[in-house]
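Chain and residue survey
If you want the building blocks of each chain, they are given just below.
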Amino acid sequence: MRISDPKLLERLAELSVELRPGAKLSELTSLGIGGTTDLLRITKHESIPGLLKLLDANDIPHKFLGGGSNLLVDDGELPWVVVQLASPKPDVVLEGNLAHVDAAADLGRTVTFCAKHDLGGMEGLIGVPGTVGGALRMNAGAYGMQIGTYVREVKLYRAATREFETLRGHQISFEYRHTSFGPDDMMLAVILELPSKPYNEILKGIRICNEKRRTSQPLGQKSAGCIFKNPPGASAGRMIDELGLKGLSIGDAQVSDRHANFFLNRGRASAKDMLALISDVRERIQKSYGVALVNEVVVWNA
Ligand SMILES: Cc1cc2nc3c(=O)[nH]c(=O)nc-3n(C[C@H](O)[C@H](O)[C@H](O)COP(=O)(O)OP(=O)(O)OC[C@H]3O[C@@H](n4cnc5c(N)ncnc54)[C@H](O)[C@@H]3O)c2cc1C
């Protein structure tokens, strides 16, 4: 979708919203799949109400992009624009054991920055790409920890009330890859409360997690991490592996032969290929185990 009305363009500039016309989602997502649309970058949180009002008034639907590491986006010209927060500098400010972090901050850099200041707890999140906002949205976690454990406060823009709100950690439910935020709420900033730990000790934990990822995941290849959530008490990857589906492919979309819950874009996979592979694997698991796998990857259909 393209915004070309000069009045709209003028209003976007007034709101300090940066327009990147014809952005390729294949270049903005870790899977390397996705069509084209206009990208709107928000440089000031205060612009959000005005921007959303403007989009609504002009019947321009939008989707909200973080770092693009958990997304499967449709092919072709997309029927909505994409909105993304630009990261301010600095994006992490420390105050004792509290880390004030902008939602657009890179998750890995945030973990490392806090570690260097002797604040630990998030070692498992090293190697999880994307933004802090994206991690909050779905309560990202790994190796027995999840970001929600450390959330003291979240500042968000509520889609339902069209108001900025601040929620205390205990007002939010953080479950396995699920939170109580509304589907269109925008995470804007978070205060994390992190335990004090000497940097060397944190580094040891980080190295252990890095090694686990290196030996079990297809790093350096185009993926969105795990495609499916693990069903209660089971591992989606193990079930896919047990059915001998590693290496299964449709077009350039392939089940990784290193980690069966990672699906790869080997180069020119389309969203259609990847969606067909996801359905095929889901049906086979349903047939053999009677388990309906649920997507962890977020699908943006046109
Ligand atoms: C190699 C690899 C390894 C991975 N390993 C893990 C892992 O171990 N554990 C894990 O949990 N995940 C993992 N992931 C998945 C992914 O990195 C995480 O889910 C990450 O937190 C997504 O953040 P993002 O900013 O990239 O979100 P995006 O992919 O951009 O968006 C995902 C969803 O969150 C929404 N969203 C993003 N930012 C915001 C915001 N500020 N406010 C509101 N909604 C928002 C989007 O609208 C979308 O619905 C992995 C991915 C890859 C590629």
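Up top is the structure these notes are about.
This one's a predicted model, so the numbers in the text were calculated from it and none came from an experiment. (Residues numbered from 1 in each chain as written. Predicted model: local features only at pLDDT ≥ 70, side-chain atom pairs only at ≥ 80, totals over all residues. Heavy atoms only, no water.)

Looking at the overall build of the protein chain
- Looking only at helices and strands, the protein chain features seven helices and 18 strands.
- For the protein chain, the C-alpha radius of gyration of 20 Å lies close to 19 Å, the compact-globule estimate for 302 residues.
- The C-alpha extent of the protein chain, read off along each of the three principal axes, is 55 × 50 × 30 Å.
- Counting the 302 residues in the protein chain, one finds 48% classified as buried.
- For the protein chain, long-range pairs separated by at least 24 residues make up 65% of all intrachain contacts whose partners lie at least 6 apart in sequence.
- Just so you have it, the protein chain exposes about 14200 Å², and 50% of that area is on carbon and sulfur atoms.
- Taken as two groups, the 36 positive and 35 negative side-chain charges of the protein chain have centres that lie 4 Å from each other. (Helix = DSSP H or I, 4+ residues; strand = E, 2+ residues; numbered from the N terminus. Rg over C-alpha atoms; globule rule 2.2 N^0.38 Å. Buried < 20%, exposed > 50% of the residue type's maximum accessible area, 1.4 Å probe, protein only. Contact = heavy atoms within 4.5 Å. Areas by Shrake-Rupley, 256 points an atom, 1.4 Å probe, with all protein chains shown as cover. Lys, Arg positive; Asp, Glu negative; His and termini not counted. Charge placed at Lys NZ, Arg CZ, Asp CG, Glu CD.)

So, the site of the ligand
- Close to the ligand lie 33 residues, the nearest being F64, G67, S69, T131 and G141.
- Within the backbone of N70, one N or O atom sits 2.8 Å away from an oxygen atom of the ligand.
- Against a free-state accessible area of 970 Å², the protein chains account for coverage of 92% of the ligand.
- Taken together, the elements giving at least two residues each to the shell around the ligand come down to β3 (62-65), α4 (132-138), β8 (141-142), β14 (186-193) and β18 (298-300).
- The biggest single contributor to the shell around the ligand is α4, with five residues.
- Across the shell around the ligand, the residue classes break down as 16 nonpolar, 13 polar and four charged. (Near = heavy atom within 4 Å. Polar contact = N/O pair within 3.5 Å; in protein donor to acceptor, adjacent residues only side chain to side chain. Nonpolar A, V, L, I, M, F, W, Y, C, P; charged D, E, K, R; others polar.)

With respect to helix α1 (residues 6-14)
- With a side-chain oxygen positioned 2.9 Å from the backbone nitrogen of K7, the residue opening α1 is D5.
- Just past α1, the residue S16 takes up positive phi, approximately 60°.

Here's the deal with the packing of aromatic side chains
- Counted according to the given criterion, the structure contains four aromatic pairs.
- With centroids separated by 5.6 Å and ring planes inclined at 80°, the aromatic side chains of W80 and W300 adopt a geometry described as edge-to-face. Highlighted residues: W80 in the loop between β4 (71-73) and β5 (81-85) and W300 in strand β18, separated in sequence by 220 residues.
- Overall, the relative accessible area of 7% leaves W300 in the buried class.
- Ring geometry for F174 against F181: centres 6.2 Å apart, planes inclined by 75°, an arrangement best described as edge-to-face. Note on accessibility: F174 and F181 belong to one class, buried.
- The ring of W80 is capped by K63, whose NZ or CZ atom sits 5.3 Å from the centre of that ring. (Phe/Tyr/Trp six-rings, centres within 6.5 Å; stacked < 30°, edge-to-face > 60°. Lys NZ or Arg CZ within 6 Å of the ring centre and 35° of its normal.)

Some thoughts on the pairing of strand β11 (residues 163-168)
- In terms of strand pairing, strand β10 (residues 151-158) meets β11 through six bridges, oriented antiparallel. Residue pairing for β11: Y157 is matched across the bridge by F164.
- From the end of β10 to the start of β11, which pair antiparallel, there are four residues, and R162 there has a positive phi angle of about 60°. (Pairing = 2+ DSSP bridges.)

Considerations on the state of the cysteines
- Applying the stated criterion across every chain, the model contains zero disulfides.
- C114 takes part in no disulfide bond, and the closest cysteine sulfur to it belongs to C209, at a distance of 16 Å.
- The class for C114 is buried, based on a relative accessible area of 0%.
- Not engaged in a disulfide, the cysteine C209 finds its nearest cysteine sulfur in C226; these two sulfurs lie 15 Å apart.
- Assessed through its relative accessible area of 7%, C209 is described here as buried. (Disulfide = S-S within 2.5 Å.)

Notes on the sheet that holds strand β1 (residues 17-24)
- Strand order in the open sheet formed by four strands is β1-β2-β5-β3, with mixed pairing between adjacent strands. In the strand order of this sheet, the two ends are held by β1 and β3, each with one partner. Taken over all neighbouring pairs, the strand axes of this sheet differ in orientation by 30° on average, direction set aside.
- One ladder, built from six bridges, connects β1 with strand β2 (residues 36-42); its direction is antiparallel. When the sheet's bridge partners are listed, E18 is paired in β2 with R41. (Axes fitted to C-alpha atoms, helices over the stretch in contact; angles between N-to-C directions.)

A few points about the pattern of salt bridges
- Across all of its chains, the model carries 17 salt bridges by this definition.
- Here R2 ties to D38 by a salt bridge, and the two come within 4.0 Å at their closest N and O atoms. In this pair, R2 sits in the segment before α1 while D38 sits in strand β2, placing the two residues 36 residues apart along the sequence.
- Residue classification places R2 among the partly exposed residues on the basis of a relative accessible area of 45%.
- Judged by relative accessible area, D38 falls into the buried class, the value being 1%.
- The shortest N-O distance in the salt bridge between D91 and K89 comes to 3.8 Å.
- The exposure class assigned to K89 is exposed, which follows from its relative accessible area of 65%. (Salt bridge = Lys/Arg side-chain N within 4 Å of Asp/Glu carboxyl O.)

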